[in-house]
Amino acid sequence: MLWTIHSASASLRHGELSPLELVDTCLERIDRYEPHIHAWVFVDREYARNQAKEAATELRQGRWRGPLHGIPIGIKDIFDVYDWPTAAGSRLWAQSIARHDATVVRGLRQAGAVLLGKTVTTQYASFDPPPTRNPWNLARTPGGSSSGSAAAVACGMSLGALASQTGGSITRPASYCGVAGFKPTFRRVSTAGVVPLAPSMDHVGAIASSVRDLAMLLQTIAGSDAYDPECSGQAVPDYLARFQQASPAPRLGRLRGLFEDLAEPAMRKMMEQVADRLQSRGSVLSDVALPSGFAEVLPSHRTVMAVEAAAYHASRLRRHPDDYAPKIRSLLEEGLACPAPEYARCK
């Protein structure tokens, strides 16, 4: 059985499942699939089992911390976790031990989640292919940069995972691996303690098996943060309340133009099938044309990402050029060569 966060949470709270049983189920699936999938940088088995035992003790004492209590979670390897290395796909950073938790990791701990280990990221959350394979076809990519997080959830090796996105790095691997991904509103979730790619576009989010599971994760990790001054100070809505309410079929806009034109025929065909299914279940679909200026979005996004990544990595790239894979190095070189007026225009 593949547990979801919401089904496992209910069973844990009612004593039908123990946190240790749930963690051991995940560890068994890691043993079975990890040699083929390569979703993990490392798994801290002993620590995970000890966390599960502590969660079980609290539950027996009537101390339920919330929906994530006892839930095994993977952490993308650009997030700091106290006493674990944050390598971000770098060989030289492989033993760079974090001395503090990222804000979102601290939130997961306080919610009683069980941290399993670090999931694979493409190097520095950029473009170079990771070792991770797509669980549905080992010859295919799982997508990046949150490659390990999506693959681990798809295999049931963890029930959820932290992820990040600067240009599709949550939604792409989630879709490739057949799971759910959520990129929140900018600065709804703190990026403090996360290795940046392009700070003005970086988002912290999550991957899980369902939208309900994502709501449980977002409820925990969203909110203002003194360590991230740009993080929204607005109150966090009750995301889970939405699932208790009946809602009408949605009215949806289907974008025509740029992205549809760039898509492969198989993807366009699948989008037609999705549209037909939504309409057959009562949704109202309307075609929406993108403004002509939208054609500038992709090159402008690339410029901003290149410049901001170069600002973070420039001195290290000069000292350790061999630690950068070809695609991230090319991106950084673009950023270093970009004139300041061009960056300002793209912003």
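Conventions and cut-offs
Residues numbered from 1 in each chain as written. Predicted model: local features only at pLDDT ≥ 70, side-chain atom pairs only at ≥ 80, totals over all residues. Heavy atoms only, no water. 1 Å grid on protein atoms, 1.4 Å probe; cavity = no way out; pocket = protein on both sides within 12 Å on 5 of 7 lines; lining within 4 Å. Points joined across faces, edges and corners; volume = space filled by probe spheres on them. Nonpolar A, V, L, I, M, F, W, Y, C, P; charged D, E, K, R; others polar. Helix = DSSP H or I, 4+ residues; strand = E, 2+ residues; numbered from the N terminus. Pairing = 2+ DSSP bridges. Axes fitted to C-alpha atoms, helices over the stretch in contact; angles between N-to-C directions. Contact = heavy atoms within 4.5 Å. Salt bridge = Lys/Arg side-chain N within 4 Å of Asp/Glu carboxyl O. Buried < 20%, exposed > 50% of the residue type's maximum accessible area, 1.4 Å probe, protein only. Phe/Tyr/Trp six-rings, centres within 6.5 Å; stacked < 30°, edge-to-face > 60°. Lys NZ or Arg CZ within 6 Å of the ring centre and 35° of its normal.

Novice: In this structure, what is going on with empty space enclosed by the protein? I would like to understand it.
Specialist: Take a probe with the size of a water molecule and roll it over the atoms, and the empty space left behind shows itself. Applying the stated criterion across every chain, the model contains 1 cavity of 30 Å³ or more. The computed volume of the largest cavity comes to approximately 40 Å³. What lines the largest cavity is simply Met1, Leu2, Trp3, Thr25, Cys26, Arg29, Gly156 and Leu159. The class makeup of the residues in the lining of the largest cavity is 5 nonpolar, 2 polar and 1 charged.

Novice: How do you make sense of the layout of surface pockets when you look at a structure like this?
Specialist: By volume, the largest pocket amounts to about 1,700 Å³. Lining the largest pocket are 33 residues; nearest its centre among them are Thr171, Arg172, Ser175, Tyr176 and Met267. Those elements giving two or more residues to the lining of the largest pocket turn out to be helix 6 (171-177), strand 7 (251-256), helix 9 (265-280) and helix 10 (297-319). In terms of residue count, helix 9 provides more of the lining of the largest pocket than any other element does, 7 residues in total. For the lining of the largest pocket, a count of residues per class yields 17 nonpolar, 11 polar and 5 charged. Ala180, Gly181, Phe182, Val211, Leu214, Ala215, Leu218, Tyr239, Arg242, Phe243, Gln245 and Ser247 are the residues that line the second largest pocket. For the lining of the second largest pocket, the secondary structure elements donating two or more residues are strand 5 (180-182) and helix 7 (211-221).

Novice: I'm lost on the sheet that holds strand 1 (residues 40-43) in this one. Help?
Specialist: Sheet strands pair via backbone hydrogen bonds, and the direction of the pair is either parallel or antiparallel. If you trace the 6 strands from one edge of the open sheet to the other, you get 1-3-2-4-6-5, paired in mixed fashion. Only two strands of the sheet have a single neighbouring strand rather than two, namely strand 1 and strand 5. Across the sheet, the mean angle separating the axes of adjacent strands is 30 degrees when strand polarity is ignored. Two strands pair when backbone bridges link them, and strand 2 (residues 72-76) and strand 3 (residues 114-119) are joined in this way by 5 bridges, in the parallel orientation. Paired with proline 72 across the two strands is valine 114, which belongs to strand 3. Strands strand 1 and strand 3 of the sheet are contacted by helix 3 (residues 45-60), whose axis makes an angle of about 155 degrees with strand 3.

Novice: Is there a simple way to explain the pattern of salt bridges in this structure?
Specialist: Side chains that differ in sign of charge can pair as their charged atoms come close. Under the definition given, this model contains 17 salt bridges. When the shortest N-O distance is used, the salt bridge between arginine 256 and aspartate 287 registers 3.3 Å. Note that arginine 256 is positioned in strand 7 and aspartate 287 in strand 8 (residues 284-289), a separation of 31 residues in sequence. Residue class for aspartate 287 comes out exposed when judged on its relative accessible area of 55%.

Novice: How should unusual backbone geometry be read in this particular structure?
Specialist: Trans is the common state for peptide bonds, and a negative phi is the common state for residues other than glycine. Of note, the amide linkage connecting glycine 144 to serine 145 takes the cis form, showing an omega dihedral of 10 degrees. With respect to the helices and strands, the residue serine 145 is situated in the loop between strand 3 and helix 5 (147-154). At tyrosine 124, a residue that is not glycine, the phi angle is positive and equals roughly 55 degrees. Relative to the helices and strands, tyrosine 124 resides in the loop between strand 3 and helix 5.

Novice: Please clarify how the packing of aromatic side chains should be interpreted in this entry.
Specialist: To describe a pair of aromatic rings, one takes the distance between the centres and the angle between the planes. As enumerated under the stated definition, the model contains 5 aromatic pairs in all. Centroid distance phenylalanine 42 to tryptophan 84: 5.3 Å. Interplanar angle 85 degrees. Geometry classified as edge-to-face. Remark: tryptophan 84 occurs in the loop between strand 2 and helix 4 (103-110) and phenylalanine 42 occurs in strand 1; sequence separation between them is 42 residues. On the basis of an interplanar angle of 90 degrees and a centroid distance of 5.4 Å, the ring pair of tryptophan 93 and tyrosine 124 is categorised as edge-to-face. Of this pair, tryptophan 93 sits in the loop between strand 2 and helix 4 while tyrosine 124 sits in the loop between strand 3 and helix 5, and the two are 31 residues apart along the sequence. Residue tryptophan 93 is classed as buried on the basis of its relative accessible area, which comes to 17%. Site record: aromatic cluster; members linked through ring pairs are Phe42, Tyr47 and Trp84. The lysine or arginine in question, arginine 13, covers the ring of tryptophan 64, its NZ or CZ lying 3.7 Å from the ring centre.

Novice: How do you make sense of the environment of proline 135 when you look at a structure like this?
Specialist: Along the chain, proline 135 falls in the loop between strand 3 and helix 5. Taking the C-alpha atoms as reference, proline 135 lies 8.6 Å from tyrosine 33; in sequence the two are 102 residues apart. Excluding residues that lie within four positions of it along the chain, proline 135 makes contacts with Ile37, Ala151, Ala154, Cys155 and Cys177.

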